[in-house]
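The primary structure of each chain is shown beneath.
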Amino acid sequence: MKQIIVFSFFIWVSIGAFAQYNNPNNTINTCSGNFYDSGGSGGNYGNNQNRTTTFCSTSSNCVSVSFSSFNVESGWDYLYVYDGATTGSSQVPGSPFTGTTSPGTITSTTGCLTFRFTSDGSATRAGWAAT
């Protein structure tokens, strides 16, 4: 019985600690994970995308997202970031982001951050990685 409990705990911790979100186009209630463009950690995002992903805290605390890399087609592909649960919320300073100008670390004041990514139909890049 003890082995089953330990194994179950290990699975639960593993899934929670390594959550990966590839711009899933929906709302995620979480306090941890990795956030990538639709190409994931090793691929480019696609052409003609218009995807909106919202992260909200599961503990009523602020949400903070830190970008470790950022590379989208400058002047054509954009990541809009909103401080709230919808694209009707206020954009954070510097939004929209394009080219290789990283958003850095963004902290919400509302408990949610919404990301809307748009790409054109001609070229893709490595996208982004964030935690």
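Our subject is the structure listed above.
In this text the structure is predicted, and so the values were computed from the model without any measurement.

1. Details of the state of the cysteines
Argument step 1. As enumerated under the stated definition, the model contains one disulfide in all.
Argument step 2. A sulfur-sulfur separation of 2.0 Å characterises the disulfide bridge that pairs Cys56 with Cys112. Residues Cys56 and Cys112 are joined by a disulfide whose S-S torsion is about 110°; by sign, that bridge is right-handed. With Cys56 in strand E4 (residues 50–56) and Cys112 in strand E8 (residues 112–118), the pair connects residues that are 56 residues apart, well separated along the chain. Across the pair, exposure class does not vary: Cys56 and Cys112 are buried alike.

2. Describing the sheet that holds strand E6 (residues 78–82)
Argument step 1. Sheet architecture is open: four strands sit in the order E2-E4-E8-E6, paired in mixed fashion. Strand pairing shows two members of the sheet lacking a second neighbour, strand E2 (27–29) and E6, which therefore form its edges. Going across the sheet, the axis of each strand differs from the next one's by a mean of 15°, ignoring polarity.
Argument step 2. Both E4 and E8 contribute to a ladder of seven bridges, which runs antiparallel. When the sheet's bridge partners are listed, Thr52 is paired in E8 with Arg116.

3. Considering the environment of Asn29
Argument step 1. As for its position among the elements, Asn29 is in strand E2.
Argument step 2. With relative accessibility at 55%, the residue Asn29 sits in the exposed group.
Argument step 3. Along the primary structure Asn29 and Ser59 are separated by 30 residues, whereas in three dimensions their C-alpha atoms are 9.3 Å apart.
Argument step 4. Once residues lying within four places of it in the same chain are set aside, the contact partners of Asn29 are Cys56 and Thr58.

4. Some points on the layout of surface pockets
Vacant regions in the atomic arrangement are exposed by a probe of water-molecule size rolled over the atoms.
Argument step 1. In this structure, the largest pocket encloses a volume near 210 Å³.
Argument step 2. Forming the boundary of the largest pocket are 16 residues, of which Thr30, Cys31, Ser32, Val63 and Ser64 lie nearest the centre.
Argument step 3. Looking at the lining of the largest pocket residue by residue, the class counts come to seven nonpolar, nine polar and no charged.

5. Description of the nonpolar core
What tends to happen in soluble globular proteins is that the nonpolar side chains get buried as a cluster.
Argument step 1. Residues Phe67, Leu79, Val81, Phe115 and Trp128 are the most contacted members of the largest nonpolar core, which totals 19 residues.
Argument step 2. Those elements that place two or more of their residues in this core are strand E5 (64–71), E6, E8 and strand E9 (127–130).

6. Overview of the side chain of Asp37
Argument step 1. Turning to its location among the elements, Asp37 is positioned in the loop between strand E3 (34–36) and E4.
Argument step 2. Of the side chains with opposite charge, Arg51 comes closest to the buried, unpaired Asp37, at an N-O distance of 8.9 Å.
Argument step 3. In this structure the side chain of Asp37 is engaged in a polar contact, spanning 3.4 Å, whose partner is the backbone nitrogen of Tyr45.
Argument step 4. Of the polar contacts made by the side chain of Asp37, one reaches the backbone nitrogen of Trp128; its length is 2.9 Å.

7. Brief notes about the pairing of E9
Argument step 1. Looking at chain direction, E3 and E9 are connected through two bridges and run antiparallel. Following the sheet pairing, Tyr36 is matched in E9 by Ala129.
Argument step 2. In the sheet, E5 pairs with E9 via four bridges, with the strands oriented antiparallel. Within E9, the position partnered with Asn71 by the bridge is Gly127.

Procedures and definitions
Residues numbered from 1 in each chain as written. Predicted model: local features only at pLDDT ≥ 70, side-chain atom pairs only at ≥ 80, totals over all residues. Heavy atoms only, no water. Disulfide = S-S within 2.5 Å. Helix = DSSP H or I, 4+ residues; strand = E, 2+ residues; numbered from the N terminus. Buried < 20%, exposed > 50% of the residue type's maximum accessible area, 1.4 Å probe, protein only. Pairing = 2+ DSSP bridges. Axes fitted to C-alpha atoms, helices over the stretch in contact; angles between N-to-C directions. Contact = heavy atoms within 4.5 Å. 1 Å grid on protein atoms, 1.4 Å probe; cavity = no way out; pocket = protein on both sides within 12 Å on 5 of 7 lines; lining within 4 Å. Points joined across faces, edges and corners; volume = space filled by probe spheres on them. Nonpolar A, V, L, I, M, F, W, Y, C, P; charged D, E, K, R; others polar. Core = buried A, V, L, I, M, F, W, Y, C linked by side-chain atoms within 4.5 Å. Lys, Arg positive; Asp, Glu negative; His and termini not counted. Salt bridge = Lys/Arg side-chain N within 4 Å of Asp/Glu carboxyl O. Polar contact = N/O pair within 3.5 Å; in protein donor to acceptor, adjacent residues only side chain to side chain.

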